[in-house]
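Each chain, letter by letter, is given below.
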Amino acid sequence: MLKAIQAFLTKEIREENEPKDTAVLIRALCLVDFLFIGINAVVLLADFGMEIGVRAFAGLLFIVLVFALSYRVKMRALVFLYYFAVITNVVMLTTHMGLPYMFQAQIYIIFMIFFYRAAGTQAERIASVVSSVIIIFGLIFYVRTHDPVLNIAMADYGFVTFYCTAYIMVKTVMLAFFFRKKFSASEEKIIKYSKKLEMLATTDPLTKLQNRRGMINHIENFVEETKSNGKLLTVAIGDIDLFKHINDTYGHEAGDYVLETIAKIMKEFIEGKGMVARWGGEEFLFSLEDINGDYAFEEMSKLLHLIERYEFLYEGTPIKVTMTFGLEEYDDNTGLDKVISKADEKLYIGKKQGRNRVIY
């Protein structure tokens, strides 16, 4: 039963390209209006006769009409129709019963839809405020100069006041819940897309490792955060030996396979020790954190042998892969750029000495 009601309330608008969120809100508000105004109409009919009762039921029928049209008309028209339906009931009830029952507070509630509706225009918002102010002051002036049509017995005064307060509170809570939920969903989307964009900006698409920008940010943050406790940092650059020969001999897809596979090996190896990033082409940069140069040399030597012994098979064809590494311990006085440059110089010393080695 509840699912059927929910499906009925959340049914799409017939017009194309129309958002349904506000329509669902107005339908829910119409149901609340139907309940409260319906009770009010029955009471007025019973206590004050047919003429007053018919007027109250006419306002109720306007609400029913808006609910029915919410499945057919465009959103802008629907918002204005609901606004006019509420105004009609507010004017009728206030002129008949007076200001103390706070029916006029409905006007403050309804123009919030104009304010917070994403598709609304500035002109609509201004028009809703101006018209609401005019109507409220008009009602105040009218009630000040005319006696209420209906005289509510003092015994019923407290009940009617409670009834009207509950009516306004329910609608206020519904509006607050609706727009809070809507804004929360928007914030979540923004955060989600921001994280996705950040990931795309700092991640290499082939190897899924951090790229140059991501690695620089990571090292700079590490240095800044650990400056006070003097933690060690060693930077290493690794380069796949004779990578051009691999591409030329086995094809670029085989080269991509080698890059992806070696990235997985290095990522698993470096876990808990720091970070590895694709520095460019077949080059990789390592941040070995809380590790001095001597210990880093031992660790990178283990990685070198791990890669050397790994069986790279591309479509059944074995590919021999080795790497050369250059190491440099970080020094605040030297700076990151200079440290990376020195590690790079040692890498090329290793290349000249025959490759497949670690130079520190």
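Preceding this paragraph is the structure being described.
The rules behind the values
- Residues numbered from 1 in each chain as written.
- Predicted model: local features only at pLDDT ≥ 70, side-chain atom pairs only at ≥ 80, totals over all residues.
- Heavy atoms only, no water.
- Helix = DSSP H or I, 4+ residues; strand = E, 2+ residues; numbered from the N terminus.
- Buried < 20%, exposed > 50% of the residue type's maximum accessible area, 1.4 Å probe, protein only.
- Contact = heavy atoms within 4.5 Å.
- Areas by Shrake-Rupley, 256 points an atom, 1.4 Å probe, with all protein chains shown as cover.
- Pairing = 2+ DSSP bridges.
- Phe/Tyr/Trp six-rings, centres within 6.5 Å; stacked < 30°, edge-to-face > 60°.
- Polar contact = N/O pair within 3.5 Å; in protein donor to acceptor, adjacent residues only side chain to side chain.
- Core = buried A, V, L, I, M, F, W, Y, C linked by side-chain atoms within 4.5 Å.
- 1 Å grid on protein atoms, 1.4 Å probe; cavity = no way out; pocket = protein on both sides within 12 Å on 5 of 7 lines; lining within 4 Å.
- Points joined across faces, edges and corners; volume = space filled by probe spheres on them.

Draft legend 1. Broad picture of the overall build of the protein chain. Across its full length, the protein chain holds twelve helices and seven strands. Expressed as a percentage of the 360 residues in the protein chain, the buried residues total 44%. In the protein chain, of all internal contacts separated by at least 6 residues, the share reaching a separation of at least 24 is 70%. As displayed, the protein chain offers around 20,100 Å² of accessible surface, 61% of which is attributable to carbon and sulfur atoms.

Draft legend 2. Layout of the pairing of strand β1 (residues 233-240). Burial analysis of β1 places eight of its eight residues in the buried class, the great majority of the element. Both faces of β1 are covered, namely the face carrying L233, V235, I237 and D239 and the face carrying T234, A236, G238 and I240. Pairing of β1 with strand β3 (residues 283-289), which is carried by seven bridges, proceeds in the antiparallel orientation. From the neighbouring strand, G238 faces β3, where its bridge partner is F284.

Draft legend 3. Local environment of the packing of aromatic side chains. Considering all chains together, one arrives at seven aromatic pairs under this definition. A ring pair is formed by F67 and Y71, whose centres lie 5.9 Å apart and whose planes are at 70 degrees; its orientation type is edge-to-face. For the pair shown, F67 and Y71 are each scored as buried. With a centroid separation of 5.8 Å and an interplanar angle of 70 degrees, the aromatic rings of F286 and F325 are classed as edge-to-face. Of this pair, F286 sits in strand β3 while F325 is found in strand β6 (residues 323-329), placing the two residues 39 residues apart along the sequence.

Draft legend 4. Molecular detail of the pairing of β3. Extensive coverage of β3 is indicated by the burial of seven of its seven residues. Residue alternation in β3 divides its side chains into two sets, E283, L285, S287 and E289 and F284, F286 and L288, and both sets are buried. Two strands pair when backbone bridges link them, and strand β2 (residues 274-280) and β3 are joined in this way by six bridges, in the antiparallel orientation. From the neighbouring strand, M275 faces β3, where its bridge partner is S287. Between β2 and β3, which pair antiparallel and follow one another directly, the connecting turn spans two residues, one of which, G281, has a positive phi of 60 degrees.

Draft legend 5. Representation of the sheet that holds β2 within the structure. Spatial ordering of the open sheet is given by β2-β3-β1-β6-β7, a layout of five strands whose pairing is mixed. Of all the strands in the sheet, just β2 and β7 (358-359) have a single pairing partner and so form its edges. Sheet topology places β1 next to β6; seven bridges connect them, and they run antiparallel. Note that in β6 the partner of I240 across the bridge is M323.

Draft legend 6. Quick peek at the side chain of D241. The residue D241 is located in the loop between β1 and α9 (243-250) in this model. Judged by relative accessible area, which is 4%, D241 ranks as buried. For D241, the side chain forms a polar contact with the side chain of K351, separated by 2.7 Å. Look past the residues within four positions of D241 in its chain and what remains in contact with it is I246, T322, M323, T324, K351, R355 and N356.

Draft legend 7. Representation of the nonpolar core. Counting residues in each nonpolar core, the largest one holds 50 residues, and the members touching the most others are I26, Y82 and I113. Every element with two or more residues in this core is listed here: α2 (21-48), α3 (50-69), α4 (75-97), α5 (105-116), α6 (122-145) and α7 (154-202). No other element matches α4, which puts twelve residues into this core. For I113, the contacting residues outside a window of four places in its chain are T22, L25, I26, L29, V79, Y82, L175 and F179.

Draft legend 8. Quick look at empty space enclosed by the protein. Summed over all chains, the structure comprises one cavity of 30 Å³ or more. Space inside the largest cavity adds up to approximately 60 Å³. What lines the largest cavity is D33, I37, I63, V86, N89, V90, L93, F103, Q106, Y167 and K171. Secondary-structure elements contributing two or more residues to the lining of the largest cavity are α2, α4 and α7. In terms of residues, the lining of the largest cavity owes the most to one element, α4, which gives four residues.

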